[in-house]
Structure formats: structure tokens, C-alpha cells
Amino acid sequence: MSTNDRTVRIGLIGAGGIAGAHVAGYALNPETVTFAAVADPVRASAELRAGSTGAAIYADYNDMLSQADIDAVDICLPHHLHKDAIVAAARAGKHILCEKPLCLTPEEAREVAAAVAAAGVTLMCAHNQLFLPAVAKAKELIENGTLGRLYEVRTTDSFYNDFDPENMGWRAHAKTSGGGELIDTGYHPTYLMLHLAGGAPVEVTSMLATHRLTFMEGEDSANVLVRFDNGVIGTLVTSWAYEPADGTERFSAVGELGSLTSDGTVLSYHLRGEEPVILELEPVDQFGAEIGHFARSILDGTRPLHTEKEGIEVLGIILGAYESARSRSIAAVPSLDRV
Ligand SMILES: NC(=O)c1ccc[n+]([C@@H]2O[C@H](COP(=O)([O-])OP(=O)(O)OC[C@H]3O[C@@H](n4cnc5c(N)ncnc54)[C@H](O)[C@@H]3O)[C@@H](O)[C@H]2O)c1
């Protein structure tokens, strides 16, 4: 941490598309964040993200780790590069914010967990949708017992993606993306389900499909069922092939006393025998809130909402879903966190 101004000095690794939202998020947290450096082999991308901030520019993140005055890194790389960057940053003693997915395999997950534990740094998964006010309020209603014992959680994240083979880049290949749509956009409804379900995932079954984006190596759509150790059953639908039907919830939860549902903005809940309650919540910038939460976790020494523990559980659900589709059976969620 900078001792003078008590900001977390961040070095961005990967200055592509999503990095723009992260850089905007730094600017929303001037009291706690300094954008100190950026690393990307494509100079023009690094320069674009640095803008007029004065952030130091590096082609190689290893040079940034050894030379730049930074406390933390923010990893916005293609999926197959996450693990190496996490391990390198941890070994350099830097705290880590990492875009989804945490990494791609059980072996990588073990390496990540070991490196973070050995270094004693904080790793936060950049699970931006947890910072939607509707999600935070839903979590509060579930935790304070408003719905009673929880039975089911549903999450949906589907949209009509106009990817074509020319503009899809590393996302078109399983080797660089880790699979298909499920380990990419499908990661969001998976961590959202985990967060709301509040238990550990134990088994999973899935059906994958390629409805439209036939040039992808992996699936463009997935339907997944998950059983959690607290008895909650999760249902997840995610797709790049089509928009969800009108009225489909972004997330919902049902318990013994009633239910809640949200389109991601408005949250309503309905207890049996009572009138529905509709909550209009103030919108926030998800990435600004996420980066602010990361910085506060570092400055205050508090646990971020999702660390590598939850990142590994989300990866476990997704790898279990892939295994289920391959074996056409219910798969155990692999326990990846034993190092
Ligand atoms: N949270 C969200 O809603 C959301 C949305 C989009 C992407 N993402 C995630 O963000 C990550 C990046 O996705 P993107 O869409 O920005 O990808 P992108 O392809 O636009 O950007 C990747 C960047 O990494 C750079 N890069 C490649 N190798 C590098 C290296 N060794 N060192 C430094 N930089 C390197 C590339 O030059 C490029 O600028 C992925 O994990 C993706 O899943 C999250």
C-alpha cells in the first residue's frame, strides 16, 4: 500500500476489451486506488488504457512485477494465461484481482491455491455481478431468513451474440478459452448461483448445445443443474445463441416462506399469504463497486466476497458440467482446493 495516501497501487495485466471497464472503475475510486502501471505486448492497447493517467507502460508483465511500484495486479487476460499471471504475481508478493474464470483445470487450481497461500496475498475473483444492488439485497433477504429454508435458485445469462469466426479470436478455441460459452459468459450465472445458494456444490448434471455458433469448438449454450450440500438445487441457463424468452428471470430463489425474483435491476419478493413487495434499487457501476471492494479488502485486511475458494468452486461446477455432458451422467463436483 502507498503509505502516504493509502491508495492501492494497481498494475493492470492485459489492456483489451474488459480492461476499459476496469480502468473506468479505478477512476471511480480515487480515494482508494491509484492506476500505477499497465502491461500488454500490444503497445497501442496499453497506451489507450493508460490514457493521461501517467500509468507506466510495460510490454511484459514480469518486468512490471519486478520494476513497477505496485501493491496489486488486475488480471484481464485471455483465459489460458490466467494461472501463470496469478502465480507470478503471488510470487512477487502482489495482491490479485482476476477476471473470470480463475483458471482452467484442477491442476491449475491447485497451483493457484498453493501460490496464493504461500505468498499470503489476497486474491479476489472479479465476479462483477455480485455488486448489482439487486443481488446484494437478495443475498441479505436469504441470509436474514426472510424466505425461510432455501429450496432452489435459478440463474439465467443469455444473449444473442454476433460473434463470427473473424472476430472471435481466442474465444473460439477450447485450448485458449477452456471450453465454450459455459466457462465464459456462463461463469456469471454460476458464481451468482453459488453466492445465493450459500452452500458448497456437490453434484452437477448438464446438457450442452451448439444451436447457432457452429464455428466454435465448444458449446454456445448450456443448461445445468447443481445440488448444494445445504439441500439447495440450482438451475442455470446460459447462451450466446439466443435471447431468453420475455419474462425470464435473471435470478430467482424459492424457500419455505416464499420467493424472490429479479431482472438484475428490480428485485421483488413474495411471501406466501402476503402482497408482493417490489424494490426499485439505485443502479451502481458494477466494475466501480467491484474495484472499490477489492481496494477496501486490501486496505482493511478484510476478506473479499469471492476469493480463490469460491473461484475454485465455480470452476468445479463448470468442469463437473463438462464431465456430465461427456459421460451423460450426474458428475461429482471435483474438489479442487486440496493442494
Ligand atoms: N466481467 C465481464 O463481464 C467480462 C466481459 C468480457 C471479458 N471478461 C474477461 O476478461 C478477460 C479478458 O477478456 P477481453 O474481452 O478483455 O479479451 P481481449 O482479447 O479483448 O483482451 C486481452 C488482452 O490481453 C493482452 N495480452 C495477451 N497476452 C498478454 C500477456 N502475456 N501479457 C499482457 N497482456 C497480454 C492482449 O494483447 C489483449 O489486449 C477474460 O478473462 C474474459 O473472460 C469479463
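Scoring rules and cut-offs
- Residues numbered from 1 in each chain as written.
- Predicted model: local features only at pLDDT ≥ 70, side-chain atom pairs only at ≥ 80, totals over all residues.
- pLDDT = per-residue confidence, 0-100.
- Helix = DSSP H or I, 4+ residues; strand = E, 2+ residues; numbered from the N terminus.
- Near = placed C-beta within 6 Å.
- Nonpolar A, V, L, I, M, F, W, Y, C, P; charged D, E, K, R; others polar.
- Buried ≥ 20, exposed ≤ 12 C-beta atoms within 10 Å, placed from the backbone.
- Pairing = 2+ DSSP bridges.
- Right-handed = clockwise from strand over helix to strand, strands pointing away.
- Core = buried A, V, L, I, M, F, W, Y, C linked by C-beta atoms within 7 Å.
- Domains from an automatic or database assignment.
- Contact = placed C-beta atoms within 7 Å.

1. Concerning the confidence of the model for the protein
When the pLDDT values of the protein are averaged, the result is 96; 97% of them are 70 or greater. Mean pLDDT values for the elements of the protein range from 93 in helix H7 (residues 174–177) up to 99 in strand E4 (residues 72–75).

2. Things to note about the site of the ligand
The environment of the ligand is made up of 23 residues, and the closest members are Gly-14, Gly-16, Gly-17, Ile-18 and Glu-99. Taken together, the residues of the shell around the ligand sort by class into twelve nonpolar, seven polar and four charged.

3. Remarks on the pairing of E4
Of the two faces of E4, both are covered, the one formed by Ala-72 and Asp-74 as well as the one formed by Val-73 and Ile-75. Alignment of strand E1 (residues 8–13) against E4, held across four bridges, turns out to be parallel. By the bridge assignment, Leu-12 is partnered in E4 with Asp-74. For the handedness criterion, the β-α-β arrangement of E4, helix H4 (residues 82–91) and strand E5 (residues 95–98) is classed as right-handed.

4. Description of the nonpolar core
In terms of nonpolar packing, the biggest core is built from 95 residues, with Ile-75, Ile-86, Ile-96 and Ile-318 touching the most fellow members. It is helix H10 (residues 308–327) that contributes the most residues to this core, nine residues altogether. Both of domain 1 (8–128 + 288–306) and domain 2 (131–283 + 315–332) provide at least three residues apiece to this core. Those residues in contact with Ile-75, other than ones at most four positions away along the chain, are Ile-13, Gly-14, His-82, Ala-85, Ile-86, Ile-96, Leu-97, Cys-98 and Glu-99.

5. Points about the sheet that holds strand E8 (residues 201–209)
Within a sheet, neighbouring strands are paired by backbone hydrogen bonds and run either parallel or antiparallel to one another. The mixed open sheet is built from nine strands, whose spatial order is E14-E13-E12-E11-E7-E10-E9-E8-E15. Either end of the sheet is taken by a strand with one partner, and the two such strands are strand E14 (277–280) and strand E15 (331–332). Of the strand pairs in this sheet, strand E12 (residues 258–262) and strand E13 (residues 266–271) are connected by five bridges, and their pairing is antiparallel. By the bridge assignment, Leu-260 is partnered in E13 with Tyr-269.

6. Here we look at unusual backbone geometry
Residue Lys-100 is joined to Pro-101 through a cis peptide bond whose omega torsion reads -10 degrees. Along the chain, Pro-101 turns up in the loop between E5 and helix H5 (106–119). The backbone of Arg-328 sits at a positive phi, close to 50 degrees, despite the residue not being glycine. Using a count of 9 C-beta atoms within 10 Å as the deciding quantity, one classes Arg-328 as exposed.

7. Section: the environment of Pro-30
Within the fold, Pro-30 resides in the loop between helix H1 (19–27) and strand E2 (33–39). On a C-alpha basis, the gap between Pro-30 and Leu-130 in space is 22 Å, while along the polypeptide they are 100 residues apart.

8. Here's the deal with the domain arrangement of the protein
Along its sequence, the protein is organised into domain 1 (8–128 + 288–306) and domain 2 (131–283 + 315–332). Its C-alpha centre places domain 1 at a distance of 26 Å from the equivalent point of domain 2. Tallying contributions element by element places helix H9 (residues 286–300) first for the side of domain 1 that touches domain 2, with three residues. Its residues assigned to classes, the side of domain 1 that touches domain 2 comprises seven nonpolar, six polar and two charged.

9. Quick notes on the pairing of strand E11 (residues 251–255)
In terms of burial, E11 is largely enclosed, as four of its five residues are buried. Here strand E7 (residues 150–158) runs beside E11; their pairing, made up of five bridges, is antiparallel. Counted as the bridge partner of Glu-152 is Val-254 from E11. By the bridge criterion, four bridges tie E11 to E12 in an arrangement that is antiparallel. If you follow Ser-252 over to E12, its bridge partner there is Thr-261.

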